[in-house]
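# Commentary on secondary and tertiary structure
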Amino acid sequence: MRHIISILMENESGALARVANLFTARGYNIESLTVAPTEDQSLSRMTLVTRGSDEIIEQITKQLNKLIDVVKLVDLTEGGHLEREMMLIKLRAERTQREEIKRLVDIFRGKIIDVTDTSYTVELTGAASKLNAFVEAVNEELIIEVVRTGPSGIGRGPKGLGL
Amino acid sequence: MELSGGEIIVQCLKDEGVEHVFGYPGGAVLHIYDAIFKQKDVKHILVRHEQAAGHAADGYARATGKPGVMLVTSGPGATNAVTGIATAFMDSIPMVVLTGQVPTPVIGSDAFQEVDTVGITRPCVKHNFLVKRLEDLAETIKKAFYIATTGRPGPVVIDIPKDITDPGVKIPYHYPSKVRMRSYNPVVKGHLGQIKKAVKIMMEAERPVFYTGGGVVLDDAAKPLTDLVDTLGFPITQTLMGLGAYPGSGKHFLGMLGMHGTYEANMAMHETDVLIAVGARFDDRVTGHVKQFCPDATIIHIDIDPSSISKNVRVDIPIVGPVKQVLRDMLKVVNEGENNPKNQALKQWWEQIEKWRSMDCLKYDQSSDLIKPQQAVEVLHKVTKGDAYVTSDVGQHQMFAAQFYRFDKPRRWINSGGLGTMGFGLPAAMGVQMAFPKAEVAVVTGESSIQMCIQELATCLQYELPIKIILLNNGYMGMVRQWQEFFYESRYSQSGMSVTPDFVKLTESYGHVGMRVDKTKDLEGAMKEAFSHKDRLVFLDVVVDPAENVYPMIAAGKGHHEMYLSPGSELV
């Protein structure tokens, strides 16, 4: 099953490498990983998407918790949560296709953020599944480039993952 | 007090109570070595290879319970140390490893003797640090000792660029007495509710077994373990790493379990209804095939490391906490006693165990003129009155030592269980002997293993370490040969080790006493003579039966109840 694990960790050099290293060393898979500093400069927030059986996910969270730089973590998929990913996608958009692409972008509530005679660059935000749906909806031959951030996640409700 | 980085390191070690540092100098650590030269409190032991510095610091830690400390230079110094670090990591040994690094401004430029030490050691340390500012040095060292020695112990590496130790730059010195880390809070107490729940299940058990490991030794929990086991009257088996915590001659001890465990221990594991695992990690050499592991048991697991619980085998009652405290609390709950053990059922259980025991699974041919390796260990036990520190390397000799030297005290049996590092024994013994200069320290080794760190004979001479090396010389990598005999139709591919130096002459050339014995009737005399040299290192080359194998043996992929007991025997 797919799990989104959100990690609060010391903003130390090498902290990211420790997490990545743990996954390769123990043979766990990482689907995506995003990391950036938080409002507290000494902390980074990481969102990690992985797949595995309940036993494997339990080990993953335990092993992550064991890393000295990890302050706290939560498996977001255990409760209500929000997941957002951003995609930048560059599409071939020539005369005949321009209108249809524009309509598709509107349906997905995306934005065209760069335009040339022959192309559109679209910004799209949402859950990973929505981005996948957009990519599938577009004619494959029109896709020039796809850039995705990987999901970031946050729990629902007033509580936060903090110190 | 204003000190340079090099001086700060030495002062921190003093303040931490470190008496011995095992190491080897080089370019990146010259400033530190200069600071060592100028003082007398911290004694430096110069090894002959950095791997040995690791094992020596490790052996020191295992024997004393205090963190071992090593110091090596950058590049090859650090890479040579990796085997020592990984060995300590796998067995959760507290160690602080100081490595030199090229100066900060040239890091990343492929400078001379530069290697990414933090990167290379990351998977085999509990934690590691690169010190980037002199102001952080003392606190980093404090953190390293704190992390290494608390929770589940382990090695911590501190990588120190040369400019940080510059004697020309001095800052005020302050060594923090405590550190607090928001990201690191090891559990200090096991949950009483879980303990009570566990005791309740234990009291209902009809066929209980204690299965205990290195965690009991590491937490100095031998006393509460022994008290608990004897109070309950339950049988106990110990892992390779746990030997000595409960006395080997104790009446409830079934012997070691696992691949080369005793018949009674493994059968008891297979038949048990309540397994009490303490400070053990369900290693594959212990469990055999996990699908067949303790099929009928409710499993209680006490461990300081939450990630050990349900890692390999699903656990029913987990208790996360320091084993010493948990065992003490458990004993208290037992003694306050709302329930009693099921004595009638236990009596039947013991009768069953005695039946298994009567198979006498460790028997071997004692009439042979060729010395049997088992006998050599038994004679060693007799001559040292079972009270020596015994280190070993890895292979058949290690198993024979574990099976036949019945360790009655914890921290006496010192071997590389997790990583299985050949070359561990001699340098580990150096660490033990440095810690306990008057103690009898024996290395049980093989002709293949000993050659992996043989250069340390020079270190032993320099520091007058009267170690006794008992070489069980069978002319093979015995365990490799055994597997090839069993599973590769005796195709002994590259496992022969008949070309060795004359160990007697070699030892003599290093300035020690060398001896050889090759007849059973001369064995005890030779062993006594070896130990009569109180102040000398003696290397006793014991020529043993090359065909002897380690029994019992659980074949790979089999359960505890499927063992080979003797040559040519079927699975029982």
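These lines cover the structure that appears in this document, whether it is placed above or below. (Residues numbered from 1 in each chain as written. Chains lettered and ligands numbered in written order. Predicted model: local features only at pLDDT ≥ 70, side-chain atom pairs only at ≥ 80, totals over all residues. Heavy atoms only, no water.)

If you add up the space inside the second largest pocket, you get close to 1200 Å³. If you go around the second largest pocket, you meet 37 residues; those closest to its centre are Gln63, Lys66 and Leu67 of chain A together with Asp305 and Ser307 of chain B. When grouped by side-chain class, the residues that make up the lining of the second largest pocket number 16 nonpolar, 10 polar and 11 charged. (1 Å grid on protein atoms, 1.4 Å probe; cavity = no way out; pocket = protein on both sides within 12 Å on 5 of 7 lines; lining within 4 Å. Points joined across faces, edges and corners; volume = space filled by probe spheres on them. Nonpolar A, V, L, I, M, F, W, Y, C, P; charged D, E, K, R; others polar.)

The next thing to look at is the packing of aromatic side chains. Residues and elements named next belong to chain B. This structure, assessed with the given rule, holds 18 aromatic pairs over all chains. Note on Phe486 and Phe487: the rings are 5.9 Å apart at their centroids and 85° apart in plane angle, and the pair reads as edge-to-face. For Phe486, a relative accessible area of 24% gives the class partly exposed. Consider the rings of Phe486 and Tyr564, whose centres lie 6.1 Å apart with planes at 55°: the pair is tilted. Here the residue Phe486 occupies a position in helix 18 (residues 478-487), and Tyr564 occupies one in strand 22 (residues 563-564), the gap between them amounting to 78 residues. A connected cluster of aromatic rings, assembled from ring pairs, spans Trp483, Phe486, Phe487, Tyr551 and Tyr564. Sitting above the plane of the Tyr389 ring, Arg412 keeps its charged end 4.3 Å from the centroid. Taking NZ or CZ as reference, Arg481 lies 5.6 Å from the ring centre of Tyr476, over its face. (Phe/Tyr/Trp six-rings, centres within 6.5 Å; stacked < 30°, edge-to-face > 60°. Buried < 20%, exposed > 50% of the residue type's maximum accessible area, 1.4 Å probe, protein only. Helix = DSSP H or I, 4+ residues; strand = E, 2+ residues; numbered from the N terminus. Lys NZ or Arg CZ within 6 Å of the ring centre and 35° of its normal.)

Residue-level contacts link 19 residues of chain B with 20 residues of chain A. When chain B packs against chain A, close to 1600 Å² is buried across both sides, 45% of that on carbon and sulfur atoms. Across the chain B-chain A interface, the total number found is three salt bridges. Between Glu58 of chain A and Arg314 of chain B there is a salt bridge, and its shortest N-O distance comes to 3.3 Å. Between the two partners, chain B and chain A, sit 11 residue pairs in polar contact (both at pLDDT 80 or more). (Contact = heavy atoms within 4.5 Å. Buried area = accessible area lost by both parts, 1.4 Å probe. Salt bridge = Lys/Arg side-chain N within 4 Å of Asp/Glu carboxyl O. Polar contact = N/O pair within 3.5 Å; in protein donor to acceptor, adjacent residues only side chain to side chain.)

Attention now moves to the pattern of salt bridges. Inspection of every chain in the model, using the stated rule, returns 41 salt bridges over all chains. The partner of Lys521 of chain B in a salt bridge is Asp522 of chain B, and the shortest N-O contact between them spans 3.6 Å.

For the rest of this paragraph, the subject is helix 13 (residues 343-357) of chain B. Given 3.6 residues to a turn, an α-helix orients residues that are three or four positions apart in the same direction. Residues and elements named next belong to chain B. Over its 15 residues, helix 13 runs 20 Å from end to end, which matches the ideal 21 Å to within 8%, given 1.5 Å per residue. Along helix 13, the residues classified as buried are Ala345, Leu346, Trp349, Trp350, Ile353 and Trp356. All buried residues of helix 13 lie within an arc of 135° about the axis, which places them on one face of the element. Of the residues in helix 13, the exposed ones pointing more than 90 degrees away from the buried face are Gln344, Gln348 and Lys355. Residues of helix 13 that are buried in the fold lie against strand 9 (208-212), helix 9 (222-232), strand 11 (253-256) and helix 10 (263-271). (Expected span 1.5 Å × (residues − 1). Arc of directions from axis to C-beta.)

Residue and element names in this part refer to chain B. Spatially, six strands are ordered 16-15-17-18-20-19 in an open sheet, and the strand pairing comes out parallel. Each having just a single partner strand, strand 16 (413-414) and strand 19 (513-517) make up the two edges of the open sheet. Summarising the sheet, strand 17 (residues 441-446) and strand 18 (residues 468-473) pair through five bridges and their orientation is parallel. In the sheet register, Thr445 faces strand 18, and the bridge partner there is Leu471. Against the sheet, helix 15 (residues 396-404) engages strand 15 (389-392), strand 16, strand 17 and strand 18, with an angle of about 135° to strand 17. (Pairing = 2+ DSSP bridges. Axes fitted to C-alpha atoms, helices over the stretch in contact; angles between N-to-C directions.)

Quick look at the sheet that holds strand 13 (residues 298-303) of chain B now. All names here are of chain B. The strand order 11-10-9-12-13-14 describes an open sheet built from six strands, whose pairing is parallel. Of all the strands in the sheet, just strand 11 and strand 14 (317-320) have a single pairing partner and so form its edges. Neighbouring strand axes in the sheet, compared pairwise and without regard to direction, differ in orientation by 15° on average. As judged from the five bridges shared by strand 9 and strand 12 (residues 274-278), these two strands associate in the parallel manner. Looking at the pairing, Pro208 lines up with Val274 of strand 12. Lying over the sheet, helix 13 contacts strand 9 and strand 11, oriented at roughly 45° with respect to strand 11.

Turning our attention to the nonpolar core. Residues and elements named next belong to chain B. With 104 residues, the main nonpolar core has Phe210, Leu275 and Val542 as its most contacted residues. In this structure, Phe210 is in contact with Met202, Leu225, Leu228, Val229, Leu232, Phe234, Pro235, Ile236, Thr237, Ile276 and Val278, ignoring residues within four places of it in sequence. Counting 46 residues, the second largest nonpolar core, distinct from the first, contains Ile85, Ala88, Val97 and Ile454. (Core = buried A, V, L, I, M, F, W, Y, C linked by side-chain atoms within 4.5 Å.)

What follows deals with empty space enclosed by the protein. All names here are of chain B. Taken as a whole and judged by the stated rule, the model has one cavity of 30 Å³ or more. A volume near 110 Å³ is recorded for the largest cavity. Looking at the largest cavity, it is lined by 15 residues, and the ones nearest its centre are Leu243, Phe253, Met256, Ala402 and Gln403. For the lining of the largest cavity, the elements supplying multiple residues, two or more each, are strand 11 and helix 15. Of the residues forming the lining of the largest cavity, the biggest block, three residues, is contributed by strand 11. For the lining of the largest cavity, the residue count by class is seven nonpolar, seven polar and one charged.

For the rest of this paragraph, the subject is unusual backbone geometry. Residue and element names in this part refer to chain B. The omega torsion of the bond from Tyr551 to Pro552 falls at -5°, within 30 degrees of zero and hence cis. Mapped onto the elements of the fold, Pro552 is located in the loop between strand 20 (538-543) and strand 21 (553-554). A positive phi angle, near 50°, is found at Asp220, a position not held by glycine. With respect to the helices and strands, Asp220 occurs in the loop between helix 8 (214-218) and helix 9. If you check the backbone angles, Phe282 has positive phi at about 55° while not being a glycine. Topologically, Phe282 is positioned in the loop between strand 12 and helix 11 (284-287). Classification of Phe282 as buried rests on a relative accessible area of 2%.

What follows covers the side chain of Thr47 of chain A. Residue and element names in this part refer to chain A. Mapped onto the elements, Thr47 comes out in strand 3 (residues 43-51). Looking at Thr47, the relative accessible area reads 3%, which means it is buried. Excluding residues within four positions of it along the chain, Thr47 makes contact with Ile4, Ile5, Ser6, Ser32, Leu33, Thr34, Pro151, Ser152 and Gly153.

For the rest of this paragraph, the subject is the pairing of strand 19 of chain B. Counting buried positions along strand 19 of chain B yields four of five residues, so the element is predominantly enclosed. With helix 20 (residues 520-532) of chain B bridging strand 19 of chain B and its parallel neighbour strand 20 of chain B, the resulting β-α-β unit is right-handed. (Right-handed = clockwise from strand over helix to strand, strands pointing away.)

Okay, the pairing of strand 5 (residues 81-92) of chain A next. Residues and elements named next belong to chain A. Relative to strand 9 (residues 152-155), strand 5 runs antiparallel, the two being bridged by four bridges. Across the sheet, the residue bridging to Leu82 is Ile154, located in strand 9. The sheet contact formed by strand 5 and strand 7 (residues 119-126) spans eight bridges and is antiparallel. Note that in strand 7 the partner of Arg92 across the bridge is Ser119. Here strand 5 runs beside strand 8 (residues 143-148); their pairing, made up of five bridges, is antiparallel. What sits directly across from Leu91, in strand 8, is Ile143.

Helix 16 (residues 425-435) of chain B sits mainly inside the fold: 10 of its 11 residues count as buried. When we look at burial in helix 16 of chain B, the residues that qualify are Gly425, Leu426, Pro427, Ala428, Ala429, Met430, Gly431, Val432, Gln433 and Met434 of chain B.

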